[in-house]
Amino acid sequence: MDSAGDSAFGDGAFIEVDRVEKVFDVRRKTGFLKRERRQVRAVDSISFTVPRGEMVGYIGPNGAGKSTTIKMLTGILTPSGGRLRVAGIDPSRERSRLAHRIGVVFGQRTTLWWDLPLIDSYRLTHRMYRIPDARYRANLDRCVELLELGALLDVPVRQLSLGQRMRGDIAAALLHDPEVLYLDEPTIGLDVVSKARVRAFLRDLNAERGTTVLLTTHDLQDIEQLCSRVMVIDQGRLMYDGPLAGLHEAGESERTLVVDLERELPPIDAPAPARVVRVEGPRQWLAFPAAQSAAPLVARIAAEYPLVDLSVREPDIEAVIAKMYEERATA
Amino acid sequence: MGAGRLYAAVAAGGFRRYATYRAATAAGVFANTVFGLILVHTYLALWDERPQLGGYDQAQAVTYVWLGQALLAAAAIGGGGFEDELMERIRTGDVAIDLYRPADLQLWWLAADLGRAAFQLLGRGVVPFAFGALFFDVELPSRPGVWAAFLVAVVLGMVVSFGIRYLVALSAFWLIDGTGVAQMAWLAGFFCSGMLLPLNVFPGGLGEAVRALPWSSLLQAPADVLLGKADALGTFAFQAAWAVALLAAGRLVQSAATRRVVVQGG
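These numbers come from a predicted model, not from an experiment. (Residues numbered from 1 in each chain as written. Chains lettered and ligands numbered in written order. Predicted model: local features only at pLDDT ≥ 70, side-chain atom pairs only at ≥ 80, totals over all residues. Heavy atoms only, no water.)

Undergrad: Run through the interface of chain A and chain B, naming residues and quoting values.
TA: Taken together, the contact between chain A and chain B spans 25 residues of the former and 30 residues of the latter. Both faces considered, chain A and chain B share a buried interface measuring about 2600 Å² in area, 60% of it formed by carbon and sulfur atoms. On inspection of chain A and its partner chain B, the count reaches three salt bridges. Seen at the junction of chain A and chain B, the total is nine residue pairs in polar contact (both at pLDDT 80 or more). Residue assignment for the side of chain A that touches chain B shows that the elements contributing at least two residues are α1 (66–74), α2 (95–99), β5 (102–106) and α3 (118–128) of chain A. The leading source of residues in the side of chain A that touches chain B is α3 of chain A, at four residues. (Contact = heavy atoms within 4.5 Å. Buried area = accessible area lost by both parts, 1.4 Å probe. Salt bridge = Lys/Arg side-chain N within 4 Å of Asp/Glu carboxyl O. Polar contact = N/O pair within 3.5 Å; in protein donor to acceptor, adjacent residues only side chain to side chain. Helix = DSSP H or I, 4+ residues; strand = E, 2+ residues; numbered from the N terminus.)

Below is the structure:
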């Protein structure tokens, strides 16, 4: 076995990140010839481990350091400090050896050959990863079936829609049976149907093959539907590592119930901690803790008020993180 | 073995990518033919005044023009090869994808560019050359061995051309926008390969210098092999030396670039 032989984290830790830092030198022009050198800590002493077969969400606002972490985990960026192992391999030292064991999907970039039919990119992947013929065919058949790529194989990649291209990219990342899959914004820009399809596929992949998945996203629903564990990073620091429900508690995040009444009425008398935060004509907004079910609140309003319509809005990641900050500042 | 099949597949892909754009190929053939006609008439006027200029007679000078048109796109003398794409990938950060693959960046692009060159030699080179041979008085060798040697020199020229453009493309890691460097390389390539005038024409030190520069491998060297003006083995040695030197320099720059790489974008 070549997994984590020298691990300090015990058996089963498939990804080990120990006080890893990444500092970029940024030179900025401040005058005609003067340049100012500034150091930017994109990743600031982050530690975590991911056991084999886990599906972890890695979230944070733009520029938080998510992609930098992923790039270090693939070996294309070298950490400035700390220790990093994936499957017992130091990524930046043995990038090629690691490449055979990982799959990467960057939602905003494509690994596919733009001008050529989709199948050509897969044939190239077959050669690049030296996949045995039988295994290549089996994996391709499986991906084609589950990701519904059959009709697309002979279509040039430039003619694919974003959702089709994303499914094509996910298949390309999986043909060599990677043990770990890094997904960087895999649902960005996709419509609801495409998102659902991608999520269902990832869930099956994790359940059936035990593929370890590290997923960065802006979409909390990706996390809710896929990940048992979530890590929040902001300004290069790990702010939270635990179950998603705990994140809502940690951030005391709130969901919003939007209620349309028959007519303009005074603010609804809701049981605490739910409360009306906004009234606009017959429409009222109520905030309530994300961890709490909306059902009793809805039942009560429906019973006591002339209800026409309602909807529940989930908190977004930015709001949750903003709340976490407020917590820390006041604590 | 396995690696050989990978790069063969990359080269085949490079060939087919360019083969998909038929209208562009047709337009290129037309442009090369027109450009060739203009140059031929200029050369004929020049050689009328100065017979045996640069050691070529009129038929040889005309042959040289059509060879130039045949190799212009294939040897990417005016640019237009993989380098535009690689620079764009460096600028946008897509190069990250090329870097985490279990493949060598330089070999990957070399294979892709040779595939492109092979297509452009056939797709864009053959027709203008045949047109020239049909309608003008040209001098072509009759021995197959000379043609074979010419093809070897063409392939070596393509590798040298790649070596130069790889360095140009990698400059984008430092410059972000490599347009200026690419334009300078284009200018140098056009002049120093002998695209405008055969390098034999240039007198004295200037002539010596341009003939010793790597660009002469692109057009002047294969042309002289075809016209019987240069010893084939000596030409191969000259081209191979430049190819090795440039590829080695490319490797050095590549490792410096990837070590300091700031892959653009999130």
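Undergrad: An account of the sheet that holds strand β9 (residues 237–242) of chain A is requested, with residue identities and associated values reported.
TA: Sheet strands line up and pair through hydrogen bonds in the backbone, either parallel or antiparallel. Residue and element names in this part refer to chain A. Sheet architecture is open: six strands sit in the order β5-β6-β7-β3-β8-β9, paired in mixed fashion. Each edge of the sheet is formed by a strand with only one pairing partner; in this case those strands are β5 and β9. Here the average twist between neighbouring strands, direction ignored, is 15°. As paired strands, strand β3 (residues 55–59) and strand β7 (residues 212–217) are joined by five bridges and run parallel to one another. Looking across to β7, one finds that Val56 is bridged to Leu214. (Pairing = 2+ DSSP bridges. Axes fitted to C-alpha atoms, helices over the stretch in contact; angles between N-to-C directions.)

Undergrad: Lay out empty space enclosed by the protein in plain terms, naming residues and giving numbers.
TA: Across all of its chains, the model carries four cavities of 30 Å³ or more by this definition. The calculated volume of the largest cavity comes to roughly 70 Å³. Looking at the largest cavity, the residues that line it are Trp113 of chain A together with Gly14, Arg17, Tyr18, Phe82, Glu85, Trp109, Ala112, Asp113 and Arg116 of chain B. Secondary structure elements with two or more residues in the lining of the largest cavity: α1 (2–19), α4 (82–92) and α6 (105–135) of chain B. With four residues, the top contributor of residues to the lining of the largest cavity is α6 of chain B. Residue composition of the lining of the largest cavity, by class: five nonpolar, one polar and four charged. (1 Å grid on protein atoms, 1.4 Å probe; cavity = no way out; pocket = protein on both sides within 12 Å on 5 of 7 lines; lining within 4 Å. Points joined across faces, edges and corners; volume = space filled by probe spheres on them. Nonpolar A, V, L, I, M, F, W, Y, C, P; charged D, E, K, R; others polar.)

Undergrad: Just give me the short version of the side chain of Lys22 of chain A, but keep the residues and values in it.
TA: Residues and elements named next belong to chain A. Within the secondary structure layout, Lys22 lies in strand β1 (residues 13–29). A distance of 2.7 Å separates the side chain of Lys22 from the backbone oxygen of Thr78, its partner in a polar contact. Non-local contacts of Lys22, meaning those with residues more than four positions away in its chain, are made with Val40, Arg41, Ala42, Val43, Thr68, Met72, Thr78, Pro79 and Ser80.

Undergrad: Give a detailed account of helix α4 (residues 133–146) of chain A, specifying residues and quantitative values.
TA: Every α-helical turn comprises 3.6 residues, leaving residues that sit three or four positions apart pointing alike. Residue and element names in this part refer to chain A. For α4, which comprises 14 residues, the first-to-last C-alpha distance of 20 Å matches the rise-based estimate of 20 Å (1.5 Å per residue) to within 8%. All of the buried residues along α4 are Tyr136, Asn139, Leu140, Arg142, Cys143 and Val144. In this structure, the buried side of α4 is in contact with α3, α5 (162–174) and α6 (192–209). Positive backbone phi, at 50°, marks Glu148, one or two positions downstream of α4. (Expected span 1.5 Å × (residues − 1). Buried < 20%, exposed > 50% of the residue type's maximum accessible area, 1.4 Å probe, protein only.)

Undergrad: Mind laying out the nonpolar core, listing which residues take part and the relevant values?
TA: Ranked by internal contacts, the top residues of the largest apolar core, which has 111 residues, are Ile15, Tyr122 and Tyr182 of chain A. Among residues more than four places away in sequence, those in contact with Tyr182 of chain A are Ile15, Ile70, Leu73, Thr74, Val86, Ile102, Gly103, Val104, Val105 and Leu214 of chain A. One finds Leu72, Ala74, Phe136 and Ala223 of chain B within the second-largest nonpolar core, a separate group that totals 42 residues. (Core = buried A, V, L, I, M, F, W, Y, C linked by side-chain atoms within 4.5 Å.)

Undergrad: For the sheet that holds strand β12 (residues 283–289) of chain A, give the residues involved together with the corresponding values.
TA: Residues and elements named next belong to chain A. Pairing is antiparallel in the open sheet, where four strands are placed in the order β11-β12-β10-β13. The open sheet has two edge strands with one neighbour each: β11 (275–280) and β13 (307–313). Each adjacent strand pair in this sheet contributes to an overall mean axis angle of 20°, direction not counted. As paired strands, strand β10 (residues 254–261) and β12 are joined by seven bridges and run antiparallel to one another. Bridged to Val258 within β12 is Trp285. Contacts from helix α9 (residues 295–304) reach β10, β12 and β13 within the one sheet, and its direction differs from that of β10 by about 20°.

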